[in-house]
Amino acid sequence: MASSANGCTNHPCVLVHRPFEFSSSRLNSSLATPIFGCKPKGLSIRCQSSTSTDETKTAKQRNLFDNASNLLTNLLSGGKIGSMPTAEGAVSDLFGKPLFFSLYDWFIEHGSVYKLAFGPKAFVVVSDPIVARHILRENAFSYDKGVLADILEPIMGKGLIPADLDTWKQRRRVIAPGFHSLYLETMAKMFANCSERMTTKFDKLLEAEASRGENKIELDLEAEFSSLALDIIGLGVFNYDFGSVTKESPVIKAVYGTLFEAEHRSTFYIPYWKIPLAKWLVPRQRKFQTDLKVINDCLDGLIKNAKETREEADVEKLQQRDYSNIKDASLLRFLVDMRGVDADDRQLRDDLMTMLIAGHETTAAVLTWSIFFLAQHPSKMKKAQAEIDSVLGQERITLEVIKKLEYVRLIVVEALRLYPQPPLLIRRSLKSDTLPGGYNGVKDGYQIPAGTDLFISVYNLHRSPYFWDNPNDFEPERFRVQKSSQVDGWAGFDPSRSPGALYPNEIISDFAFLPFGGGPRKCVGDQFALMESTVALAVLLQKFDVNLRGSPESVELVTGATIHTKSGMWCQLKKRSSTAD
């Protein structure tokens, strides 16, 4: 049986996680019991000798539950996956804290590849770059998105994330060229404009407080970053200004409702929404259908307008357009104008919906955790601000300017290393395969049959003590240093391996760092998201000093599709003394 955060090892007194308190995240639904949606409460010392009668009783009930679950697993699925370490007795550990924390505990105990068995289901958990590289790149088309695709298809249709392999290949060939250099150059300016709209709002709030003798404001920066990310996705992907930084509209409300539903479905164990009539009988599903119609009507109108003003051209000519002088530089415009590609409105809508949902939450989370870590490391915040002052001055932000913001870029990727978005990649084998053993694994690897569901734990990869020095520390500087490999089959960390790359990636790290996946199905919008985060962080820090309102422990963590906070990240903002009037 796996040692858990709620139990002790053989030593009579050990350091354990304080029991995690259940949270239904921000979804506020009595129906939801998300396996990710919980919050850590720090660490405490607990001794076996102090265990109360109630705790003993609870432990016995838990063991009974675990044993029944493991018996069912062994009968129904245990024999289907080849011999590998097994985290048994794990069911009770899935309740009360985020899943990826438990996956890390079992990774340290059982190794880089193990079977997580509960109930009638067994998953293979991968926490090793050698095995991740095999699944994502070397044998990529032997795996699909599995459970994730099943969950997201009703929301994203045949967008890139849930699409079947044939649809994905066709749409990837069409969409990837849209993220070309001239487009990203134009987007850099748009990122800056939207970020300045946010900081202008902060300036006005500070002026109001100054009239009352205060020199700071308190804001939930996670909410502000969420609004900013929504505005940027709207303008960059389909030329629609949500204006959510300064206003609210029915479309914005519908977008957030859909985002919460996507998160809810990604974390809910039983897909009750597939039950006939559920979308009419369950209140939250009725609301979801209404929200979806509002967004689809909006997207349909934008697609219709783009098609009515179509200017057909070859890909090369589209990539050479003078994007600085056209009113609509959106990805939608590129997709509609591409000669020989006549996607129907439904497919275009699925593409846009996927990018809206996937591109929004990730950026908001990256900015939130970047500030969270910087607020705890004032010297690193000052170092970033010194770079920003030196690079920006009175310059407008361009792609060339972003290239010069090296330290700010490293802050963004270090936040993604510590809190990856998402913390897990989900795959399903389409045919039988042999997984490499990975670090300290079985030399001949592990046999898995077709239909095996796998979790690639990005969180484990990013914090592995076998591949990272001081893995739990916030050290943006780490990405500047080459790290030779002491592990057979892993090439180490080498920034020169991907020349010209603005950001560290899976090539540089040989799959020990997977902020956007890797291989053919890597996120197509990774540079868009990273540049957006860099610009927003630079614009904010150029004007303001930021501190957490309370202690770091007061920022309670919950997870769904991404890692975010339970009640927001409340911060104090002050005008920087060096830039104050």
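In what follows, the structure referred to is the one given above.
Just so we're clear, the structure is a prediction, and the values are computed from it rather than from any experiment.

What counts and what doesn't
Residues numbered from 1 in each chain as written. Predicted model: local features only at pLDDT ≥ 70, side-chain atom pairs only at ≥ 80, totals over all residues. Heavy atoms only, no water. Axes fitted to C-alpha atoms, helices over the stretch in contact; angles between N-to-C directions. Helix = DSSP H or I, 4+ residues; strand = E, 2+ residues; numbered from the N terminus. Parallel < 35°, antiparallel > 145°, perpendicular 65-115°, else oblique. Contact = heavy atoms within 4.5 Å. Nonpolar A, V, L, I, M, F, W, Y, C, P; charged D, E, K, R; others polar. Left-handed = near helix turned anticlockwise from the far one by under 90°. Buried < 20%, exposed > 50% of the residue type's maximum accessible area, 1.4 Å probe, protein only. Polar contact = N/O pair within 3.5 Å; in protein donor to acceptor, adjacent residues only side chain to side chain. Arc of directions from axis to C-beta. Pairing = 2+ DSSP bridges.

**Considerations on the packing of helix α14 (residues 378-392) against helix α18 (residues 526-543)**
One can describe the packing of α14 onto α18 by two numbers: an axis separation of 9 Å at closest approach and a directional angle of 95°. By the angle class used here, α14 and α18 are roughly perpendicular. Each of Met381, Ala384, Gln385, Ile388, Asp389 and Leu392 in α14 lies in contact with α18, whose residues at this interface are Ala538, Leu541 and Gln542. Counted by class, the contact of α14 with α18 contains 6 nonpolar, 2 polar and 1 charged residues.

**Let's talk about the packing of helix α16 (residues 406-418) against α18**
Orientation of α16 relative to α18, taken along the N-to-C sense of each, is 115°, at an axis distance of 9 Å. In the crossing of α16 with α18, the sense of the turn from one axis to the other is right-handed. Along its contact with α16, which presents Val408, Arg409, Ile411, Val412, Val413 and Leu416, the element α18 presents Leu530, Ser533, Thr534, Leu537 and Ala538. Class assignment for the residues of the contact of α16 with α18 results in 8 nonpolar, 2 polar and 1 charged.

**As for the environment of Ser211**
Summarising the element assignment, Ser211 is placed in the loop between α6 (181-210) and β9 (216-220). By relative accessible area, Ser211 is classed as exposed at 62%. Of note is the side chain of Ser211, whose polar atom sits 2.5 Å from the backbone oxygen of Ala208.

**Overview of helix α5 (residues 165-175)**
Turning to α5, its buried residues number three or more, namely Thr167, Trp168, Arg171, Val174 and Ile175. With its buried residues spanning 130° around the axis, α5 presents them on a single face. Exposed residues lying more than 90 degrees from the buried face of α5 are Asp166 and Arg173. Those residues of α5 hidden inside the fold are in contact with α12 (331-337) and α13 (345-376). A distance of 3.3 Å separates the backbone nitrogen of Asp166 from a side-chain oxygen at the start of α5, and that oxygen is part of Asp164.

**Some words on the sheet that holds strand β14 (residues 544-548)**
If you walk across this open sheet you meet the 3 strands as β9-β17-β14, and the pairing is antiparallel. Of all strands in the sheet, those bounded by a partner on one side alone are β9 and β14. This sheet shows a mean twist of 30° between the axes of neighbouring strands, independent of strand direction. Judged from the 5 bridges that link them, β14 and strand β17 (residues 570-575) form a sheet pairing that is antiparallel. From the neighbouring strand, Phe544 faces β17, where its bridge partner is Lys575. Its contacts with the sheet place α6 against β9, β14 and β17, and it is angled at close to 135° to β9. The sheet contacts of α18 involve β14 and β17, and relative to β14 the element is tilted by about 100°.

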